[in-house]
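Chain by chain, the residues run as shown.
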Amino acid sequence: MYSFFLKLSKLMAWLGGAMLTALIVMVCTSVLGREINGILHADWLVSLAPGLSRWLLDIGVGPVNGDFELVEFGIAFSIFAFLPLCQLTGGHATVDVFTNYLSDRVNQGLRLVTDIVFAGVMVLIAWQLWLGLASKKSSGQTTFLLEMPVWWAYALSLSGAIVAAVIACYVAAMRLREVASGRVILPIDLGANH
């Protein structure tokens, strides 16, 4: 099961990275378009080359319409897309100033508690996203500029949240087995090295 979940979590991380890359390109394009649009409206350019200025404005040179709405949609998905790999490989940020002085058995118990809490939180988040998706879909709510259905963002985030919740539950179950058997089953703190 571990290898299946590792492949799934890596796929989700790749999808999250692709989404972030697309968002970065879009934001840079929008900022550049906004700057060029400002220049095209400048009095000196309008008087110097009115035809060129008007033509460029007419073909749509300017900011990406609804860029902030697309960023909201995409960032939410990316966050949920990165969580499974981070959880499975123990890549979450930790502060171990205090836990360095505890025994391995106590640290194993602490990992179990945190992984159970994390799994519970992920299941709760996935459930709330499902309820939000159903509510937004039935209300027909759309975004302000692009008039995209808001439930699309919920559906995108829910896909990542479900994978994150399933993997978090798997990790919690494996940590429980570790505590019960006294042996290490899942890798600890692989993070980005895996």
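Residues numbered from 1 in each chain as written. Predicted model: local features only at pLDDT ≥ 70, side-chain atom pairs only at ≥ 80, totals over all residues. Heavy atoms only, no water.

**As for the overall build of the protein chain**
Then comes step 1: Secondary structure assignment for the protein chain yields six helices and zero strands.
Then comes step 2: N-terminal to C-terminal, the α/β element order of the protein chain is α-α-α-α-α-α.
Then comes step 3: Taking 16 Å as the expected radius of gyration for a compact globule of 194 residues, we find that the protein chain reaches 23 Å, considerably beyond that expectation.
Then comes step 4: Counting only C-alpha atoms and orienting by the principal axes, one finds that the protein chain spans roughly 80 × 40 × 30 Å.
Then comes step 5: Burial status across the protein chain gives 31% buried among its 194 residues.
Then comes step 6: Across the protein chain, contacts joining residues at least 24 apart in sequence account for 79% of those joining residues at least 6 apart.
Then comes step 7: For the protein chain, the exposed area adds up to about 11,600 Å²; of that, 70% sits on carbon and sulfur atoms.
Then comes step 8: If the 11 positive side-chain charges of the protein chain are averaged to one point and the 12 negative ones to another, these points end up 15 Å apart. (Helix = DSSP H or I, 4+ residues; strand = E, 2+ residues; numbered from the N terminus. Rg over C-alpha atoms; globule rule 2.2 N^0.38 Å. Buried < 20%, exposed > 50% of the residue type's maximum accessible area, 1.4 Å probe, protein only. Contact = heavy atoms within 4.5 Å. Areas by Shrake-Rupley, 256 points an atom, 1.4 Å probe, with all protein chains shown as cover. Lys, Arg positive; Asp, Glu negative; His and termini not counted. Charge placed at Lys NZ, Arg CZ, Asp CG, Glu CD.)

**Examining the environment of V179**
Then comes step 1: In this structure, V179 sits in helix α6 (residues 151–181).
Then comes step 2: A relative accessible area of 23% places V179 in the partly exposed class.
Then comes step 3: A C-alpha to C-alpha distance of 6.8 Å links V179 and G109, two positions 70 residues apart in sequence.

**A short note on the packing of helix α4 (residues 67–88) against helix α5 (residues 104–139)**
Then comes step 1: One way to put it is that α4 packs onto α5 with a least axis distance of 13 Å and a crossing angle of 160°. Classified by the angle their axes make, α4 and α5 are roughly antiparallel. Crossing handedness for the pair α4 and α5: left-handed. The residues of α5 that touch α4, namely those facing F80, L83 and Q87, are D115, F118, M122, I125 and L129. (Axes fitted to C-alpha atoms, helices over the stretch in contact; angles between N-to-C directions. Parallel < 35°, antiparallel > 145°, perpendicular 65-115°, else oblique. Left-handed = near helix turned anticlockwise from the far one by under 90°.)

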